[in-house]
Amino acid sequence: MSEQQLRFLNLMAVSGITCLKKTSIYTLQKQGFPKPIKISAAGRQSGARWVESEVYAWMNSRIQLRDNNPAPPPAQQKANTLELVS
């Protein structure tokens, strides 16, 4: 990857790109969401940055997961409909 393509994102930017809230971002790290890089003193949350290309790669993997595992057809709604009895 060339230096011109490498970009770090703060939490607000990652949240804006993914439409995920802070808690969800950190929870999803256990399931494969990219982990941040610490770029400042240890213990400072403001020093956490995500690699932009990794965030987009994760988003693309979610799309591929959806496309490879289509949702089952909706359950028949027969039980929820009224039948006319003549």
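Along each chain, the written sequence defines residue order, and numbers are assigned to residues from 1. Local features in this predicted model are restricted to residues whose pLDDT is 70 or higher, and side-chain atom pairs enter the listing and the counts only when it is 80 or higher, whereas totals over whole chains, interfaces and linings include all residues. The basis for the side-chain values is all heavy atoms of the structure; hydrogens and waters are excluded.

Draft legend 1. Seen up close, the pattern of salt bridges. A side-chain nitrogen of Lys or Arg and a carboxyl oxygen of Asp or Glu constitute a salt bridge if their distance falls within 4 Å. Counted under the stated rule, the structure contains 2 salt bridges. Among the ionic pairs, R7 bridges to E52, the shortest N-O distance being 3.7 Å. Here R7 is found in the segment before β1 (8-9), whereas its partner E52 is found in helix α3 (residues 52-68), with 45 residues between them in sequence. When a residue's accessible area, from a 1.4 Å probe over protein chains only, is under 20% of the maximum for its type it is buried; when over 50% it is exposed; and in between it is partly exposed. Among the residues examined, R7 registers a relative accessible area of 48% and is labelled partly exposed. Note on E52: relative accessible area 16%, which makes it buried. R66 is paired through a salt bridge with D67; the nearest N and O atoms lie 2.8 Å apart. What makes D67 partly exposed here is its relative accessible area of 47%. Only runs of H or I of at least four residues qualify as helices and only runs of E of at least two qualify as strands under DSSP, and these elements are numbered from the N terminus.

Draft legend 2. View of the nonpolar core. Nine residue types can take part in a nonpolar core, namely buried Ala, Val, Leu, Ile, Met, Phe, Trp, Tyr and Cys, and a core is a set of them joined through side-chain atoms within 4.5 Å. Ranked by size, the top nonpolar core spans 10 residues in total: L9, V14, L20, I25, L28, F33, A48, W50, V55 and W58. Sorting the residues of this core by element identifies α2 (22-28), β3 (48-51) and α3 as the ones contributing at least two each. Every residue pair with non-hydrogen atoms within 4.5 Å of one another is taken to be in contact. Not counting the four nearest positions on each side in its chain, V55 is found in contact with L9, V14, I17, T18, P34 and W50.

Draft legend 3. Structural view of the environment of L11. Mapping L11 onto the fold places it in helix α1 (residues 11-18). For L11, a relative accessible area of 22% puts it in the partly exposed group. Considered as a pair, L11 and K21 are 10 residues apart in the sequence and their alpha carbons are 9.1 Å apart.

Draft legend 4. Main features of the sheet that holds strand β2 (residues 37-38). Pairing in this open sheet of 3 strands is antiparallel, and the strands run β1-β3-β2 from one edge to the other. Each edge of the sheet is formed by a strand with only one pairing partner; in this case those strands are β1 and β2. Where β1 lies against β3, 2 bridges are found, and the strand directions are antiparallel. Looking across to β3, one finds that L9 is bridged to W50. Packed onto the sheet, α3 meets β1 and β3 and runs at close to 60° relative to β3. When DSSP finds two or more bridges between two strands, those strands count as paired. Every axis corresponds to a line fitted to the C-alpha atoms, with the helix fit spanning only the stretch in contact, and the corresponding angles, defined between N-to-C directions, vary from 0 to 180 degrees.

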